[in-house]
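Chains, contacts and geometry: an overview
Residue strings, one per chain:
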Amino acid sequence: MTIKFPNSPLVLLILSILSSLSVSWATSEPVPINGFLQCLPKQFHSGHPIFEAVYTPQNTSFQSILMARVKNLRFSSPTTPKPLAIVAAKHESHVQATIVCAKQNGLQIRIRSGGHDYEGLSYVSHVPFVVLDMFHLQSVNVSVKDESAWVESGATLGKIYHKIAEKSKVHGFPAGVGPTVGAGGHFSGGGYGNLMRKYGLSIDNIVDAKLVDANGRILDRKSMGEDIFWAINGGGGASFGVILSWKLKLVRVPDKVTVFNVTRTLEQGVTDVLYKWQFVAPVLPKDLFLRARPEIENNTEGKKIAEVSFIGQFLGQTRELLPLMNESFPELRLRREDCHEVSWFESVVFWAELPLGTPRSIYLNLKNKPIPFFKAKSDYVKKPIPKKVIEYMFKAMLEIGNIWMEWNPHGGRMSEISASATPSPHRAGNLYSIQYYTSWFQDEGIEATNRYIHLTRKLHEKMTPFVSRNPREAFQNYRDLDIGANLYNQSNLLTASVYGSKYFEGNFERLVRVKTMVDPHNFFKHEQSIPPI
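Here is what the cut-offs are and how they apply
Residues numbered from 1 in each chain as written. Predicted model: local features only at pLDDT ≥ 70, side-chain atom pairs only at ≥ 80, totals over all residues. Heavy atoms only, no water. Pairing = 2+ DSSP bridges. Helix = DSSP H or I, 4+ residues; strand = E, 2+ residues; numbered from the N terminus. Contact = heavy atoms within 4.5 Å. Axes fitted to C-alpha atoms, helices over the stretch in contact; angles between N-to-C directions. Salt bridge = Lys/Arg side-chain N within 4 Å of Asp/Glu carboxyl O. Buried < 20%, exposed > 50% of the residue type's maximum accessible area, 1.4 Å probe, protein only. Polar contact = N/O pair within 3.5 Å; in protein donor to acceptor, adjacent residues only side chain to side chain. UniProt positions renumbered as here; feature names shortened; annotations may be inferred. pLDDT = per-residue confidence, 0-100. Parallel < 35°, antiparallel > 145°, perpendicular 65-115°, else oblique. Nonpolar A, V, L, I, M, F, W, Y, C, P; charged D, E, K, R; others polar.

Here's the deal with the sheet that holds strand β10 (residues 242-249)
One open sheet accounts for five strands, arranged β5-β6-β10-β8-β9; its pairing is antiparallel. Strand pairing shows two members of the sheet lacking a second neighbour, β5 (140-143) and β9 (218-219), which therefore form its edges. With six bridges joining them, strand β8 (residues 206-212) and β10 adopt antiparallel strand pairing. Bridge pairing in β10 places Ala 209 opposite Trp 246. Against the sheet, helix α5 (residues 157-167) touches β5, β6 (148-152) and β10, its axis set at about 30° to β5.

Here is the structure:
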């Protein structure tokens, strides 16, 4: 199915002005939930009673189910808007019914799998809404024969990795390191991981999907068409429908890989090492991924110190890695005793900062740990950052205190994939990405929240001259409402183009055209969704 819409910036500008004049369906009047609840059992009779999956505030389990996948405690306060109901779907028909009934009753839905949305958009809305919780839909079916796996959106990355390793020691999948992250949001937002220099992002290795559209229809790649399939692979699935499942193309990995974590402090000259890292990490062989993690830690005397952890993974053995590192990056002084030769699944355990030797079965039942309040931001770097700027960065981090950053190298396969192949355009020309992550505790109060957010924004602002520009790019999986948002239930196309250009660059216009086709009345919406024309 191919879309033919006007594509000129002038046409989009005119249409966006018209769209800004539209009237929001939200009102100040309370929306009754009764119509929604009465509608649900009338839809899609499948032998799976939906009442077993529905929770309202009157249910004693409502609060625990809501909080079970709230990852950012900034959005857990008594004043945070709460859903009128939670549908913890146990069958695809429950998803269909939720969409149809919410649409009929003027309710918004927020779709949650792992609950890791940095701005809480998967479980918070400022208009009457219900949460569609996908956590029970978590089956993972691996086929080694055709090197693929069908994965439901509620499956966690930990479960996916476990199921792959259960079937094969020489297969893996390129995705993130957080074992409790849900597949639904992670894949639809792009999916960074430590295999990306070898195999690209998660979305570069997805070959099919099942989507429920705004009319309650279940579509696969063939029936939805290539435009919609392209859009949900990195354009944010929650703008276009509810993704039930993904078909992954598994990748080959050695039976043994090498991992290491080497930490250097300011006193050990880490500024020089990190400066050199910028020239080395993006041009290393594809089999080697070397992340730099600047962070602030307390030393044995309780004093805050700045340090950088250089965390690496090599798709090979130590005897091959050491000569390569000694030639390319001698400043790191990597030693044999720093290296661990492990299976690919054991490397997943290592990246999750769990002890090597942790039983694989633990990954099936990992619980979300309570996370303090946090604020995150992101950047892309196209030219090495000057050493003086790195020195300032460490001073700013010491002032903030509770902050770490992740510098993820590009190059390799990431530079070979076209910027328009998927909605995620951050490919050739980028040396690395940066994630800024500041956390603090709930009991420190509103003053602490304001202070930490202010200092994080200040550091981000100071980095402006040294990162990508026009637009200043950002990664959608690191959701950040600071870069633009349609607040108060609006769908202004000009506003959307601000954050849309940062997340998607030139792909934003195509995403708008797809949205206009698949969801012209804009049922699926949130503060950073793709609006229709």
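Let us keep going from here.
Looking at the pattern of salt bridges
Under the definition given, this model contains 30 salt bridges. Linking Asp 213 and Arg 217 is a salt bridge whose minimum nitrogen-to-oxygen distance equals 2.6 Å. Judged by its relative accessible area of 1%, Asp 213 falls in the buried class. Looking at Arg 217, the relative accessible area reads 47%, which means it is partly exposed. Between Lys 382 and Glu 473 there is a salt bridge, and its shortest N-O distance comes to 3.0 Å.

Some points on helix α12 (residues 344-351)
The buried count for α12 comes to seven of eight residues, which makes it a mostly enclosed element. Residues of α12 that are buried include every one of Trp 344, Phe 345, Ser 347, Val 348, Val 349, Phe 350 and Trp 351, and no others. Next to the buried residues of α12 lie α5, β7 (171-172), β12 (257-265), β13 (288-298), β14 (304-314) and β15 (339-342). Count one or two residues on from α12 and you reach Glu 353, which has phi positive near 60°.

Regarding the side chain of His 186
The residue His 186 is located in helix α6 (residues 183-188) in this model. You can call His 186 buried: its relative accessible area is 10%. In this structure the side chain of His 186 is engaged in a polar contact, spanning 3.0 Å, whose partner is the backbone nitrogen of Gly 176. Residue contacts for His 186: discarding those within four places in its chain leaves Leu 157, Ala 175, Gly 176, Val 181, Gly 191, Tyr 192, Ser 202 and Asn 477.

Focus on the UniProt feature "domain: FAD-binding PCMH-type" (unreviewed entry) in the chain
Within this numbering scheme, the UniProt entry marks residues 79-253 as carrying the feature "domain: FAD-binding PCMH-type" (unreviewed entry). Helix and strand shares over residues 79-253 are 26% and 25% respectively, and the end C-alpha atoms of the span are 48 Å apart.

Thoughts on the confidence of the model for the chain
Averaged over the chain, the pLDDT score is 93; the fraction of residues at 70 or greater is 94%. Across residues 1-29, where pLDDT falls below 50, the model places 39 contacts with residues more than four positions away in sequence or in other chains.

Section: the packing of helix α15 (residues 493-504) against helix α16 (residues 508-518)
Taken N-terminus to C-terminus, the directions of α15 and α16 make an angle of 125°; their axes are 9 Å apart at the nearest point. By the criterion of interaxial angle, the relationship of α15 to α16 is oblique. Across the interface between the two elements, Leu 493, Ala 496, Ser 497, Gly 500 and Phe 504 of α15 pack against Phe 508, Leu 511 and Val 512 of α16. Looking at the contact of α15 with α16 residue by residue, the class counts come to six nonpolar, two polar and no charged.

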